[in-house]
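# Results of the structural survey
Chain by chain, the residues:
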Amino acid sequence: MEKKLYPFKFIPIASRRPWGGTALVKVLGKSFIEIDEDGNEKPVPEDELIGESWELADMGEQDSVIDNGWLKGNTIGDMMQTYMERVVGEKVFAWYGTQFPLLIKFLSIEGKLSVQVHPDDKVAEERYDSLGKAEVWYILDAKPDAKIYMGFKEEVSAQQFYDACKSGTADRLLNVIHPHKGDVIFIKPGTVHAAEGGIMVCEIQESSDMTFRLYDWGRELNPKTARKMHLDEAIDIINYDKYDAGAYTPAPAPVKKTTTVCLVDCPQFTVNHITLFEGMQVEAADSDAFLVYNCIKGEVSLQMADEQGTVRDYRLHQGDTILVPAECPSFTLSPLSPGSELLESTTRPAEEKDSYTGE
């Protein structure tokens, strides 16, 4: 009998950033391992400034490793090369090939995230042979003084913005959002953005690391902190219009029953928010696509029968991520604490979608 695939959990990958913090360890309970120069595993110190936890990544050098079951130790890249459409579904595989189509992270933003922009799929393919980078930020937590810079206050010209970046005043042109827990921000390609001041985010995006830094709050002027800048390279891919507030959704009122709400449905991915007060059956056979769950509150049990009919229990605590392959037809999600919350992500070929929508 052919072994069936099962829900995969992964070892998180720590990414140090100058703007990072310690919330991923202290709040989400993350523990990170890295390989030293001698090839030995060692824990990442808890006081390191970790900006990103790469939860599910198929990015070559940054390739998530499975942490459970009989495929433990294999990477998501191995799975895509070996099991192909069994992982993502026939239509998704026909469109994206052997690269897993989503990159999922948790972010801890304490300092100033660089002012940056991402290209769309057309530009990324033509210039860099890559996917573009549409992304959604789900705000897990935000301190009272936190800020997200998203688009422009008013329409500006490319020259105005270029001059402002060079003179250190770019932030004066940017629209400011004061985020709250549960807010959702859909970041369309071409939208200039940054953040600061204590924000924890679940970021769901295309499988691409195409980020162009435009202004780095003066860090670019210090040889000790300077990182490569891309202002000249990216000046023609920026949307200079006034920010479209429809891409920002404030946190909804709390619910008292099991509820699924669509947060974003765009050509590159669909993201739902699920609140669980009782068990919920998921019938995935007809969708022909994978599902990824991020537990953002409480604890959830994902129960699924294996090929022998034995029901397996996969536990998700706050901060955990799990990938349910496309060939898994049905399973149950049950809250181990009432009101537990999940983000559910998937994708389907972009040709099946006509336009970006974010509700």
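For the structure given in this document, a descriptive report is provided here. Keep in mind that this is a model prediction, so the values were computed, not measured.

## Quick notes on the sheet that holds strand 5 (residues 50–56)
Taken in spatial order, the seven strands line up as 2-5-9-16-11-14-18 in an open sheet, and their pairing is antiparallel. Edge positions in the sheet fall to strand 2 (13–21) and strand 18 (248–249), since each has one partner strand and no second. Where strand 2 lies against strand 5, five bridges are found, and the strand directions are antiparallel. Paired with I13 across the strands is W54, a residue of strand 5.

## Considerations on the environment of V65
Examined against the element boundaries, V65 turns out to sit in strand 8 (residues 65–66). Among the residues examined, V65 registers a relative accessible area of 25% and is labelled partly exposed. As a C-alpha pair, V65 and D78 span 13 residues in sequence and 9.2 Å in three-dimensional space. In this structure, V65 is in contact with K9, F10, I11, G73, N74 and T75, ignoring residues within four places of it in sequence.

## Some remarks on the sheet that holds strand 1 (residues 8–11)
Here seven strands make up an open sheet; going across it, the order is 8-1-25-22-27-20-19 and the pairing antiparallel. With one partner strand each, in any of the chains shown, strand 8 and strand 19 (259–265) form the two edges of the open sheet. Direction of pairing for strand 22 (residues 291–297) relative to strand 25 (residues 321–324): antiparallel, over a ladder of four bridges. Looking across to strand 25, one finds that N294 is bridged to T321.

## Some thoughts on a negative patch on the surface
Taken together, the side chains of D120, E125, E126 and D129 present a region of like negative charge at the surface. Along the chain, E126 falls in helix 5 (residues 121–128).

## Overview of the nonpolar core
Ranked by internal contacts, the top residues of the largest apolar core, which has 84 residues, are F100, W137, Y293, L323, F331 and L333. Residue contributions to this core peak at six residues, all from strand 11 (residues 135–142). Those residues within four positions of F331 in sequence are excluded, and the remaining contacts are M280, Q281, V282, A284, L291, Y293, L302, Q303, M304 and V324. Among the nonpolar cores identified, the runner-up in size contains 23 residues, and V115, C165, M210 and A234 belong to it.

## Topic: the packing of aromatic side chains
Applying the stated criterion across every chain, the model contains twelve aromatic pairs. On the numbers, 4.9 Å between centres and 80° between planes, the contact of Y6 with F8 is edge-to-face. Taken individually, Y6 and F8 each receive the classification buried, so the pair is uniform in this respect. Measuring from centroid to centroid gives 5.5 Å for Y149 and W217, while their planes differ by 50°, and the two rings are tilted. In this pair, Y149 is assigned in strand 12 (residues 147–152) and W217 in the loop between strand 17 (212–215) and helix 7 (231–234), connecting sequence segments 68 residues apart. Here the two residues Y149 and W217 agree in accessibility, since each one is buried. Taking the ring centre of W217 as reference, the NZ or CZ of K112 above it sits at 4.3 Å.

## Here's the deal with helix 2 (residues 76–83)
Turning to helix 2, its buried residues are I76, G77, M79, M80 and Y83. Mapping the buried residues of helix 2 onto a view down its axis gives an arc of 165°, with all of them on the same face. Immediately beyond the C-terminal end of helix 2, within one or two residues, lies M84, with a positive phi of roughly 45°.

What counts, and at which threshold
Residues numbered from 1 in each chain as written. Predicted model: local features only at pLDDT ≥ 70, side-chain atom pairs only at ≥ 80, totals over all residues. Heavy atoms only, no water. Pairing = 2+ DSSP bridges. Helix = DSSP H or I, 4+ residues; strand = E, 2+ residues; numbered from the N terminus. Buried < 20%, exposed > 50% of the residue type's maximum accessible area, 1.4 Å probe, protein only. Contact = heavy atoms within 4.5 Å. Patch = residues over 30% accessible without salt bridge, like charges linked within 9 Å, V, L, I, M, F, W, Y side chains within 5 Å. Areas by Shrake-Rupley, 256 points an atom, 1.4 Å probe, with all protein chains shown as cover. Salt bridge = Lys/Arg side-chain N within 4 Å of Asp/Glu carboxyl O. Lys, Arg positive; Asp, Glu negative; His and termini not counted. Charge placed at Lys NZ, Arg CZ, Asp CG, Glu CD. Core = buried A, V, L, I, M, F, W, Y, C linked by side-chain atoms within 4.5 Å. Phe/Tyr/Trp six-rings, centres within 6.5 Å; stacked < 30°, edge-to-face > 60°. Lys NZ or Arg CZ within 6 Å of the ring centre and 35° of its normal. Arc of directions from axis to C-beta.

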